[in-house]
Protein chains: 2
Amino acid sequence: MARAAGVSRATVSRVINGIRNVDPAIQERVRQAIALTGYAPNQAARSLVTRRTGVIALIASGAGSGEENPFPGQIFADPFFGRVAGGVVGHLRPLGVHPVLMFADTLESRDQIISFLRQGNADGAILISISAGDTLPKLLADASLPAVLFARPVRPIPISYVDVAHRTGGKLAADHLVARGCRRLATISGPLDLPASQDRLAGFQEAMAVHGHPYIPCAEGNFTFASGEAAMERLLAEHPGIDGVFVANDVMAQGALGVLGHHGRRVPGDVAVVGFDDSSAALACRPPLTTVRHPIEDMAAEMARLLLAHIEQPDLPVTSRIFEPILVVRESA
Amino acid sequence: MARAAGVSRATVSRVINGIRNVDPAIQERVRQAIALTGYAPNQAARSLVTRRTGVIALIASGAGSGEENPFPGQIFADPFFGRVAGGVVGHLRPLGVHPVLMFADTLESRDQIISFLRQGNADGAILISISAGDTLPKLLADASLPAVLFARPVRPIPISYVDVAHRTGGKLAADHLVARGCRRLATISGPLDLPASQDRLAGFQEAMAVHGHPYIPCAEGNFTFASGEAAMERLLAEHPGIDGVFVANDVMAQGALGVLGHHGRRVPGDVAVVGFDDSSAALACRPPLTTVRHPIEDMAAEMARLLLAHIEQPDLPVTSRIFEPILVVRESA
DNA sequence: CTGAAAGCGCTAACAA
DNA sequence: TTGTTAGCGCTTTCAG
């Protein structure tokens with residue numbers, strides 16, 4: 001464009017990038033020419049010199065080293081992932097940064113992601129690991145690509161992360177259930193190879209021990225609806241007298257609620273239920289779910305901040321930031 | 001890199017881009033040098049000359065012209081959107097194309113999206129409109145940006161789209177419910193300003209008329225869980241004798257199922273329920289939902305094909321492709 | 001079959 | 001304050 005504005009391209013560039021030291025009159029003239037010609041600067045040319053794309057990778061990372069379902073499954077439909085994605089978009093969009101959706105399910109896809117980043121397709125990555133044994137954090141660290149994890153990695157890795165105090169969450173649930181008068185408690189945990197699951201469980205058990213309940217029956221799930229149902233069935237079969245359950249995420253809690261209803265148990269009358277996440281599933285439960293709120297929006301904001309900082313200053317030391325959960329009391333407990 | 005390979009960069013480029021006419025020996029030498037040096041070609045430089053990015057925009061477009069929730073809400077958590085996103089990723093990833101997640105909720109965000117595309121940040125767009133009166137399709141067409149819609153636009157617009165035969169879907173549900181012996185039917189529709197909702201409803205009503213039921217009570221919802229509950233409550237209040245319901249999507253059906261249970265109605269014994277989409281919500285229903293399957297993966301594949309074709313040949317005439325739904329019989333009807 | 005050279009469109013020194 | 005100039009790192013004619 002826009003030497004039709006009667007100035008040099010350098011000046012146009014300065015106006016577009018909001019650099020001062022440009023005569024207001026000329027600034028105006030350039031703006032008009034832009035509006036008139038419908039000029040849109042070429043991002044590739046721009047990235048080539050600025051070495052920045054305004055794009056980050058938002059990665060849902062599962063285990064998988066072989067081949068699986070060709071469709072990145074219902075991960076994207078998980079209310080938890082949805083809330084994270086929403087939080088990230090909400091905070092990055094005003095800054096003109098947009099996320100590329102990626103799914104790391106196979107060895108190949110992990111390599112593809114690393115290449116994608118190394119080629120400068122994106123400036124950094126936000127990684128949401130949904131299973132243990134994920135090798136992507138290490139690959140990212142080894143390639144020293146700017147990245148932030150949504151949760152503490154299984155093994156220590158020099159990479160920044162944001163997490164919630166899972167143990168505190170477990171304790172909140174325990175305290176609430178005990179305060180409500182529950183005496184025969186049980187819990188449905190997430191996959192026990194995940195630190196998050198371990199910590200929620202440990203926090204719950206420890207708090208229960210303090211309340212004088214040294215042993216708590218536990219059924220392991222994998223954060224899916226169906227696994228929540230199955231776990232609840234097992235618990236009910238082995239411990240029919242249960243009067244309170246802490247479930248490690250809302251989606252499983254939703255499944256558990258259905259099973260309880262099926263077995264004629266009233267919630268919260270016969271059995272009180274507390275979930276975890278405060279995802280949209282909590283409001284889709286009947287009765288609405290009392291749950292431990294994962295402050296995802298705050299965490300997403302912090303991840304955005306951290307990632308951008310790492311992008312700006314590649315040698316910034318890695319940090320972690322732990323958020324405190326709170327109990328949201330609704331009707332299920 | 002890699003004049004360390006002892007060849008010119010032109011040759012390296014040829015090897016990387018898999019262009020023939022390269023001596024196998026040299027080809028091998030280049031590959032080794034690449035592996036050795038860990039060379040990764042710069043995508044910006046590449047895009048600058050090829051005018052292609054390998055990125056497309058995946059847009060969830062709501063209505064909204066003012067300001068709303070700062071967080072792109074639970075759209076991303078909707079099982080329907082999740083399935084579309086998964087289908088798109090599944091088909092584009094093998095081709096080395098990745099989607100940027102965008103949310104068009106405000107006037108401003110729509111402009112931002114158009115700029116994003118015009119600046120060459122992405123080669124084209126896939127748009128999933130989740131409300132009527134969306135102006136984005138028109139903006140895209142006016143800017144003649146390569147784009148494909150997930151559904152027929154409300155008003156005719158010169159832009160390609162992929163859709164499902166909603167009327168057929170409604171008919172499938174009607175035929176099944178009647179064949180099952182239901183006599184007092186009702187339906188919960190989606191927002192009636194959406195063509196998709198209108199067509200599902202019309203298809204259902206017309207088929208019912210053929211079966212001798214000229215009038216079918218209808219309650220309008222907006223595709224959310226809560227609206228499904230509310231609609232079912234209304235229906236039950238006004239027509240307590242209902243013995244079959246066609247619900248325009250699975251998420252609302254899930255809500256309806258809960259309400260029916262609450263009112264002591266057995267499903268499918270007292271009331272049979274048929275949903276629409278066959279999203280993950282259908283399997284999370286109790287009993288599992290009989291539903292009209294939206295062939296989203298096939299549709300996503302077709303969208304990918306169409307979009308890439310439009311990107312290759314900018315003057316390709318617009319087309320549409322309508323897919324046939326099928327009935328998936330489970331336990332709810 | 002391979003190399004040399006000319007840009008792609010922009011930003012960022014450096015002059016003026 | 002503005003214009004000139006030199007690349008950013010690649011692909012792609014065009015010679016050889």
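Keep in mind it's a predicted model, so treat the numbers as computed, not measured.

Conventions adopted
Residues numbered from 1 in each chain as written. Chains lettered and ligands numbered in written order. Predicted model: local features only at pLDDT ≥ 70, side-chain atom pairs only at ≥ 80, totals over all residues. Heavy atoms only, no water. Phe/Tyr/Trp six-rings, centres within 6.5 Å; stacked < 30°, edge-to-face > 60°. Lys NZ or Arg CZ within 6 Å of the ring centre and 35° of its normal. 1 Å grid on protein atoms, 1.4 Å probe; cavity = no way out; pocket = protein on both sides within 12 Å on 5 of 7 lines; lining within 4 Å. Points joined across faces, edges and corners; volume = space filled by probe spheres on them. Helix = DSSP H or I, 4+ residues; strand = E, 2+ residues; numbered from the N terminus. Nonpolar A, V, L, I, M, F, W, Y, C, P; charged D, E, K, R; others polar. Near = heavy atom within 4 Å. Polar contact = N/O pair within 3.5 Å; in protein donor to acceptor, adjacent residues only side chain to side chain.

Participant: Looking at this structure, I do not really get the packing of aromatic side chains. What am I missing?
Facilitator: Aromatic rings considered in pairs are described by the distance between their centres and by the relative angle of their planes. All names here are of chain A. Here the structure, examined in full by the defined rule, presents 10 aromatic pairs over all chains. Here Arg200 stacks its cationic end above the ring of Phe276, 3.9 Å away from the centre of that ring. Between Arg321 and the ring centre of Phe323, over which it is positioned, the NZ or CZ distance is 4.5 Å.

Participant: What is the right way to read empty space enclosed by the protein from this model?
Facilitator: Where empty space is left in the structure can be found by rolling a water-sized probe over the atoms. Tallied over the full model, the rule gives 3 cavities of 30 Å³ or more. If you add up the space inside the largest cavity, you get close to 200 Å³. If you trace the largest cavity, you find 17 residues lining it, with Gln43, Thr53 and Asn121 of chain A together with Thr53 and Asn121 of chain B closest to the centre. The set of elements that each furnish at least two residues to the lining of the largest cavity consists of helix H3 (43-50) of chain A together with helix H3 (43-50) of chain B. For the lining of the largest cavity, the class distribution of residues is 7 nonpolar, 10 polar and no charged. Of the volumes computed, that of the second largest cavity is approximately 50 Å³. The wall of the second largest cavity is formed by Phe76, Phe81, Ala85 and Leu101 of chain A together with Phe76, Phe81, Ala85 and Leu101 of chain B. Elements represented by at least two residues in the lining of the second largest cavity include exactly helix H4 (79-92) of chain A together with helix H4 (79-92) of chain B. Grouping the amino acids of the lining of the second largest cavity by side-chain chemistry returns 8 nonpolar, no polar and no charged.

Participant: In this structure, what is going on with the protein's contact with DNA strand C? I would like to understand it.
Facilitator: Every one of the 25 residues lining DNA strand C counts as a neighbour, but Ser13 and Tyr39 of chain A together with Arg14, Asp23 and Ile26 of chain B are closest to it. Of all atoms in DNA strand C that approach within 4 Å of the protein, 72% are sugar or phosphate atoms. Between DNA strand C and Ala45 of chain A, the relevant distance is 3.3 Å, taken from a base nitrogen to a main-chain nitrogen or oxygen of the residue. Within the side chain of Asn21 of chain B, one N or O atom sits 3.0 Å away from a phosphate oxygen of DNA strand C. Elements supplying a minimum of two residues to the surface near DNA strand C: helix H1 (9-16) and H3 of chain A together with helix H1 (9-16) and H3 of chain B. At 5 residues, H3 of chain A tops the list of elements feeding residues into the surface near DNA strand C. Of the residues assigned to the surface near DNA strand C, the class counts are 12 nonpolar, 7 polar and 6 charged.

This is a description of form; function is not addressed.
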